[in-house]
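# Descriptive analysis of the structure
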Amino acid sequence: MTGPHIAVRAAVALALAGALITACGSGGGGSTTLTWSMWASGGEEQQVWHELADRVSLEEPQITIKLETSSFEDYFATLGTRLGSGDAPCIVSMQALRTTGYTQSMLPLDDLIARNKFDVTDFDKSVMEGLSADGKQYALPYDVGPVILTYNKNMFRNAGVPEPKPGWTLAEFESAARKLTGDRTYGFVASPQDVWMFPMVLTKTGAQPTDGAGKLRLTTPAMTEGVQWYADLAARKKVAPPVPADDPTFADKEFLSGDAAMAANGPWALLTLKNQAGFQVGLTTIPAGPDGSRTYSSGSGFGISKSCPDPERAFKTITLMTARKQLEWLGGVGRAYPSRESAQHAWYENARLAGAREVLEAANATAIPLRTTKNWERVNVLLNQSGPDLFSGTSSAKQVLEQVQRQAGQD
């Protein structure tokens, strides 16, 4: 995930972070300590975020950032409670898919952007839109990217299956998945997680999980058909493994372990893939359905909680965190496909993956934002809880989706 040059700087950052106070407020000598809450999948990723905090403090010595991290699942499981209490961080990390659920406790940035004459034109427009709600901007993005498929080049080569090219079809995908499935290995790994499942459903039937106005619509015929097809990859066709009880990280682990040849993913995962996968990783587009290859784009960024006592300093901090040189650095270590178009070259230079630019440009050409509801976290939890029954065939897609619609659609 990271190289020795990052580890050295990370050690400095960790030492610095350990010496910081836990409150979000002002320190002595005109300096300010700001808490920043972020998700991280492990120690190497934590080092990258500590390094980013350190880089900002080196550039602006009057700003000290206290970073706190947790897993992605734990982060969003507790964020709502934290934002509603006195324990809220000043700087709030936010994923575009979940923005609408937290706007009541986050500060709209539009006045700060205007007052500071902060130029946002270099940011990808789709992720800026994803990090906004009701016409207001709630975070500045650090990454963006379409959902694509990653694949295990070694497994394809060993099975004599041609590597997939951008524009390949669902029929070719299913054929490859069958040929790559063997003794305790699978051609694909499916998951009820939003960014894993819904792009495949979109390309299969065109169904979207909301109506675009924040209303959940999981029970349309097209959605039911698409989810049933997706679940049947495991339940009936047996080219994907059964899904264990409520484990949102299962698909990632299955792919990284080399037990599944293909998995949905995004360019933001390059750092993890390069350092944890014991095989050559390839990239390709989501396979094309009746209307071509279709996918969703997503991204994440940094916002400010309403309870932050120094929003002006916090805004200065997130502009530094999303500055071109910081995003070039994040792209260079593989943690982010930069949200600034001027910084995206760094990701490609670091990736060194044959055909990566062709794949991402093809995916970006058809990607649309995944519109979600204010209680999207609830939707995801319910889908994960239903995963074992859905992917084993115990429950049909119609049964599961009607249940989730009843329980989450009325929240």
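Please read these numbers as outputs of a predicted model, since none were measured by experiment. (Residues numbered from 1 in each chain as written. Predicted model: local features only at pLDDT ≥ 70, side-chain atom pairs only at ≥ 80, totals over all residues. Heavy atoms only, no water.)

## Quick notes on the overall build of the protein chain
For the protein chain, the count of helices and strands is 17 helices and twelve strands. Computed over C-alpha atoms, the radius of gyration of the protein chain comes to 21 Å, within 12% of the 22 Å expected from 2.2 N^0.38 for 411 residues, which places it in the range of a compact globule. For the protein chain, the spread of C-alpha atoms along the three principal axes comes to 65 × 50 × 35 Å. Pairs at least 24 apart in sequence give 76% of the contacts found in the protein chain among residues at least 6 apart. Total accessible area on the protein chain stands at roughly 16200 Å², and carbon and sulfur atoms take up 49% of it. In the protein chain, 38 positive and 43 negative side-chain charges are present, and the distance between their average locations comes to 2 Å. (Helix = DSSP H or I, 4+ residues; strand = E, 2+ residues; numbered from the N terminus. Rg over C-alpha atoms; globule rule 2.2 N^0.38 Å. Contact = heavy atoms within 4.5 Å. Areas by Shrake-Rupley, 256 points an atom, 1.4 Å probe, with all protein chains shown as cover. Lys, Arg positive; Asp, Glu negative; His and termini not counted. Charge placed at Lys NZ, Arg CZ, Asp CG, Glu CD.)

## Side note on the pattern of salt bridges
For the coordinates displayed, the defined rule picks out 17 salt bridges. With its nearest N and O atoms 2.5 Å apart, the salt bridge here joins arginine 335 to glutamate 45. Of this pair, arginine 335 sits in the loop between helix H13 (324–333) and helix H14 (345–351) while glutamate 45 sits in helix H2 (residues 43–59), and the two are 290 residues apart along the sequence. The same class applies to arginine 335 and to glutamate 45, which are both buried. In this structure, a network of salt bridges that share partners links the residues Lys66, Glu68, Arg82 and Asp87. (Salt bridge = Lys/Arg side-chain N within 4 Å of Asp/Glu carboxyl O. Buried < 20%, exposed > 50% of the residue type's maximum accessible area, 1.4 Å probe, protein only.)

## Quick word on the side chain of arginine 335
Classification of arginine 335 by relative accessible area gives buried; the value is 6%. Of the polar contacts made by the side chain of arginine 335, one reaches the side chain of glutamate 45; its length is 2.5 Å. Residues in contact with arginine 335, not counting those within four places in the same chain, are Met38, Trp39, Glu45, Val48, Trp49, Tyr142, Asp143, Trp268, Leu271 and Leu330. (Polar contact = N/O pair within 3.5 Å; in protein donor to acceptor, adjacent residues only side chain to side chain.)

## Thoughts on empty space enclosed by the protein
Evaluated as defined, the whole model comprises two cavities of 30 Å³ or more. Around the second largest cavity, the lining residues are Thr150, Gly266, Pro267, Ala269, Leu270, Leu273, Leu283 and Trp347. Split into classes, the residues belonging to the lining of the second largest cavity amount to six nonpolar, two polar and no charged. (1 Å grid on protein atoms, 1.4 Å probe; cavity = no way out; pocket = protein on both sides within 12 Å on 5 of 7 lines; lining within 4 Å. Points joined across faces, edges and corners; volume = space filled by probe spheres on them. Nonpolar A, V, L, I, M, F, W, Y, C, P; charged D, E, K, R; others polar.)

## Quick notes on the layout of surface pockets
Its volume calculated, the largest pocket comes out at about 910 Å³. Sorting the residues of the lining of the largest pocket by element identifies helix H3 (72–83), strand E7 (140–146), helix H8 (194–205), helix H10 (250–256), strand E9 (262–265), helix H11 (270–276) and strand E11 (295–304) as the ones contributing at least two each. Among the residues making up the lining of the largest pocket, the classes are represented as 15 nonpolar, twelve polar and eight charged. Quantified by volume, the second largest pocket comes out at close to 560 Å³. Taken together, 31 residues form the lining of the second largest pocket, with Thr100, Ala213, Gly214, Thr372 and Thr373 sitting closest to its centre. With four residues, helix H5 (residues 125–130) is the largest single contributor of residues to the lining of the second largest pocket. Taken together, the residues of the lining of the second largest pocket sort by class into ten nonpolar, 15 polar and six charged.

## Let's talk about the sheet that holds strand E10 (residues 281–284)
Pairing is antiparallel in the open sheet, where three strands are placed in the order E9-E8-E10. Lying at the two open borders of the sheet, with one neighbouring strand each, are E9 and E10. Put simply, the sheet's adjacent strands are angled 30° from each other on average, direction ignored. (Pairing = 2+ DSSP bridges. Axes fitted to C-alpha atoms, helices over the stretch in contact; angles between N-to-C directions.)

## Considerations on the packing of H8 against helix H9 (residues 221–235)
When two helices pack together, their arrangement is given by the angle between their axes and by how far apart the axes lie. Look at H8 against H9: their axes get within 9 Å of each other, and the N-to-C directions meet at 115°. Along this stretch, H8 crosses H9, giving a crossing that reads as right-handed. Contact residues: Trp196, Met197, Phe198, Met200, Val201, Lys204 and Thr205 in H8; Ala222, Met223, Glu225, Gly226, Val227, Trp229 and Tyr230 in H9. Across the contact of H8 with H9, the residue classes break down as ten nonpolar, two polar and two charged. (Left-handed = near helix turned anticlockwise from the far one by under 90°.)

## Quick word on the pairing of strand E4 (residues 91–95)
The element E4 is extensively covered by neighbouring structure, given that five of its five residues are classed as buried. Residues Ile91, Ser93 and Gln95 line one face of E4 and the alternating positions Val92 and Met94 line the opposite face, and both faces are buried. As paired elements, strand E2 (residues 32–39) and E4 share two bridges and run parallel to each other. Bridge pairing in E4 places serine 37 opposite valine 92. Here E4 runs beside E11; their pairing, made up of five bridges, is antiparallel. Its bridge partner lying in E11, valine 92 is registered against glycine 303.

## Observations concerning the packing of aromatic side chains
Per the counting criterion, the structure on display carries 23 aromatic pairs. Note on tryptophan 39 and phenylalanine 72: the rings are 5.3 Å apart at their centroids and 85° apart in plane angle, and the pair reads as edge-to-face. Of this pair, tryptophan 39 sits in strand E2 while phenylalanine 72 is found in helix H3, placing the two residues 33 residues apart along the sequence. Residue class for tryptophan 39 comes out buried when judged on its relative accessible area of 6%. Arranged with centres 5.2 Å apart and planes meeting at 70°, the rings of tryptophan 39 and tyrosine 75 form a pair that is edge-to-face. A residue pair is termed long-range when its members are at least 10 positions apart, and tryptophan 39 in strand E2 and tyrosine 75 in helix H3 qualify at 36 residues. The class of tyrosine 75 is buried, set by a relative accessible area of 2%. (Phe/Tyr/Trp six-rings, centres within 6.5 Å; stacked < 30°, edge-to-face > 60°.)

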